Amino acid sequence: MIQFMQQLINGISLGSIYALIALGYTMVYGIIKLINFAHGDIYMLGAYIGFVFATKTGMGFIPTLIVAMITCSIIGVVIEMIAYKPLRNATRITALITAIGVSYFIEASTQKVMGTNPRAFPNLLPKGNLNISGVVITYQQIFILVVTVLLMIGLQFVVTKTKIGRAMRAVSVDTDAARLMGVNVDQTISFTFALGSALAGAAGVLVGIYYNSINPLMGLVPGVKAFIAAVFGGIGIIPGAMLGGILIGVTEALVSGYGSSLYKDAVVYVILIIILVVKPAGLLGKNVREKV
Amino acid sequence: MLKIEDLNVHYGVIHALKGVSLEVKQGEIVSLIGANGAGKTTLLHSISGIIKSTSGSIIFEDNDITKRSAKDIVSYGVTQVPEGRRIFKGMSVEENLYMGAYLRSDKDGIHKDLESVFERFPRLKERIKQNAETLSGGEQQMLAMGRALMARPKILLLDEPSMGLSPLLVKEIFKIIIDINKQGTTILLVEQNAKMALGIANHAYVLENGKIVLSGLGHELANSPDVKKAYLGG
Ligand SMILES: Nc1ncnc2c1ncn2[C@@H]1O[C@H](COP(=O)(O)OP(=O)(O)OP(=O)(O)O)[C@@H](O)[C@H]1O
Ligand SMILES: [Mg+2]
């Protein structure tokens, strides 16, 4: 039981980070039907921006988090403007290939500027842990959980309660109808990229702190995992991405804890395949055939 | 109020509108009838700035809106109720209505207009928090019209509002259109239901294969042998 609780807690903290990244995938997919393969690299950039800012200024966790989030959101908007906007009317595969290209570009540029070796992320959060009858929770895990929950509540508020959030949903449902209401679709898409990239940037800083080590290719695996989390929950559906991220994190931790960490990725894929067979639109998705 | 001159629209090689000219005067109801594929929706989308024309001009109250953005056109007072309603699924009735007021920031005015939409369509008020997707066809049409009214349009463009509705509901919708017009909103109505559309129109146009082939007073067209033969079932 103690072992189970322990893995559950490890799984939830890791999963909440996957969820933060998955949200960006799912929001961008929802609004322009693009699988933004460069999204994992935005998360990596968030880690590096946090690293550079914290080591250069010596500032603490909150300023580092905010700077990483803001810078990432600007980068996300610029990438959308330069790489994706000109392809708005192109085929989906063209945009997808472009996204893969952007991903390589970001990775190679970071390797060029920061070097290919891993860097040690500064310790921005207090070390130490709580021991609740044998189950160990580190302060870092608590921080990660608190920060991700706050960010998700914030996101949920923006999306459901504000005018721009309403516009985001309207554009996702029917772009031309939103245009007929006077929504500036380009601005709304930019805003979506800004939001998603800010969350990825936050995830980058949190992971930097959690694992203490960052490198230019660190976005690859979590990027794929987060993408799976988004599909898991039903791509385009925000609560689905949160649920999917947590589920994947917990699955991985349990498999590592009880079986072997060698199998954790395989198990995640198997579950994904089962879900897609049983419920093709994802856990929270509605099984409607896509309009063409 | 709205003046379209020699408008041409292409979809790639398809020449969808071929030199269309049309005028809507303030306070009027103007109906545009035509068969499937005649180009009616294309014309409304060109006015709304969703489709760009290849040549010709669209003037609304001294503003040349031919090349303006959809957003500017809405802010000038031109709002469309699109074909097939196109309400925002997954959003509540209330949120759909607020989307109509997207460009407005006068909170009090928006609130007042919301109340008057509910007065006009009491069924929407009963379903205010309901997912718009779950409304019936007629209710969705009312929502689409209410949503457009939330923009406080000077001219309302209606694309086949009677599509798929029972005869009783069609009557109700047309009564509402007349009423909206009486309260000062100019109407450009696109319809396949020629009888009803000509019946309420001051002026009317017949569009065939992208060309205006007939125009005149509503009752004139309703009595014209050509129109009777082609659109009124003999
Ligand atoms: N996006 C598009 N791409 C290519 N051709 C189009 C497109 N939209 C419309 N068309 C063509 O343009 C012509 C006019 O279409 P439009 O939708 O304006 O007709 P309509 O009068 O509204 O018809 P309906 O009564 O069926 O709604 C048709 O021949 C149609 O096939
Ligand atoms: Mg049409």
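Cut-off values and rules
Residues numbered from 1 in each chain as written. Chains lettered and ligands numbered in written order. Predicted model: local features only at pLDDT ≥ 70, side-chain atom pairs only at ≥ 80, totals over all residues. Heavy atoms only, no water. Core = buried A, V, L, I, M, F, W, Y, C linked by side-chain atoms within 4.5 Å. Buried < 20%, exposed > 50% of the residue type's maximum accessible area, 1.4 Å probe, protein only. Helix = DSSP H or I, 4+ residues; strand = E, 2+ residues; numbered from the N terminus. Contact = heavy atoms within 4.5 Å. Pairing = 2+ DSSP bridges. Axes fitted to C-alpha atoms, helices over the stretch in contact; angles between N-to-C directions. Donors = N, O, S within 2.8 Å, 3.2 Å for Na, K, Ca; no water. pLDDT = per-residue confidence, 0-100. Parallel < 35°, antiparallel > 145°, perpendicular 65-115°, else oblique. Buried area = accessible area lost by both parts, 1.4 Å probe. Salt bridge = Lys/Arg side-chain N within 4 Å of Asp/Glu carboxyl O. Polar contact = N/O pair within 3.5 Å; in protein donor to acceptor, adjacent residues only side chain to side chain. Nonpolar A, V, L, I, M, F, W, Y, C, P; charged D, E, K, R; others polar.

## A closer look at the nonpolar core
Stage number 1. Of all hydrophobic cores here, the largest spans 118 residues; its most connected members are Phe61(A), Tyr84(A), Leu43(B), Ile47(B), Ile155(B) and Leu188(B).
Stage number 2. If one sorts the elements of this core by residue count, helix H8 (residues 185-211) of chain A sits on top with 14 residues.
Stage number 3. Setting aside residues up to four positions removed in sequence, Phe61(A) forms contacts with Leu124(A), Leu125(A), Phe143(A), Val147(A), Val205(A), Leu206(A) and Ile209(A).
Stage number 4. Within the second largest apolar cluster, 44 residues are counted, among which are Phe121(B), Leu149(B), Ile187(B) and Ile200(B).

## With respect to the sheet that holds strand E8 (residues 186-191) of chain B
Residues and elements named next belong to chain B.
Stage number 1. Spatial ordering of the open sheet is given by E6-E7-E8-E3-E9-E10, a layout of six strands whose pairing is mixed. The open sheet is flanked by strand E6 (78-81) and strand E10 (211-217), the only strands paired with a single partner. Averaged over all neighbouring strand pairs, the angle between strand axes comes to 15°, with direction disregarded.
Stage number 2. Pairing of E6 with strand E7 (residues 155-159) involves four bridges; the strand directions are parallel. By the bridge assignment for E7, valine 81 is matched with leucine 158.
Stage number 3. Along the sheet, helix H1 (residues 40-48) makes contact with strand E3 (29-34), E6, E7, E8 and strand E9 (203-208), crossing E7 at roughly 150°.
Stage number 4. With respect to the sheet, helix H6 (residues 137-149) is in contact with E6 and E7, its orientation differing from that of E6 by roughly 170°.

## A few points about the coordination of the magnesium ion (ligand 2)
Tetrahedral metal sites with four donors have an ideal angle of 109.5 degrees; octahedral sites with six donors have ideal angles of 90 or 180 degrees.
Residue and element names in this part refer to chain B.
Stage number 1. Surrounding the magnesium ion (ligand 2) are the protein donor atoms Thr41 (OG1) and Glu83 (OE), which sit 1.9 to 2.1 Å from the metal. Here threonine 41, found in helix H1, pairs with glutamate 83, found in the loop between E6 and helix H3 (93-100); they are 42 residues apart in sequence, far enough to count as distant.
Stage number 2. Using a relative accessible area of 22% as the deciding quantity, one classes threonine 41 as partly exposed.
Stage number 3. A residue is classified by how much of its surface remains accessible, and glutamate 83, at 30% relative accessible area, is partly exposed.

## Considering the confidence of the model for chain B
Stage number 1. Looking at chain B, the pLDDT average stands at 95 and 100% of residues meet or exceed 70.
Stage number 2. The ipTM, which scores confidence in the relative placement of chains, is 0.94 for this predicted complex, and the corresponding pTM is 0.92.

## Details of the packing of helix H1 (residues 2-32) of chain A against helix H6 (residues 163-173) of chain A
Residue and element names in this part refer to chain A.
Stage number 1. Running from amino to carboxyl end, H1 crosses H6 at an angle of 55°, the nearest separation of the two axes being 6 Å. One finds that H1 runs oblique with respect to H6. Judged by residue contacts, Met27, Gly30 and Ile31 of H1 engage Met168, Val171 and Ser172 from H6.

## A closer look at the interface of chain A and chain B
Stage number 1. Listed per partner, the contact involves 19 residues of chain A and 21 residues of chain B.
Stage number 2. When chain A packs against chain B, close to 1900 Å² is buried across both sides, 63% of that on carbon and sulfur atoms.
Stage number 3. For chain A, the biggest contributors to the area lost against chain B are Arg166(A), Leu180(A) and Met181(A); these three give 38% of the whole.
Stage number 4. Arg169(A) is the salt-bridge partner of Glu95(B), the closest N and O atoms lying 2.7 Å from each other.
Stage number 5. If you look at where chain A meets chain B, you find four residue pairs in polar contact (both at pLDDT 80 or more).
Stage number 6. Of all the elements in the fold, those that place two or more residues in the side of chain A that touches chain B are H6 and helix H7 (175-180) of chain A.
Stage number 7. Considering each element in turn, the side of chain A that touches chain B owes the most residues, six residues, to H6(A).
Stage number 8. Across the side of chain A that touches chain B, the residue classes tally to eight nonpolar, three polar and eight charged.

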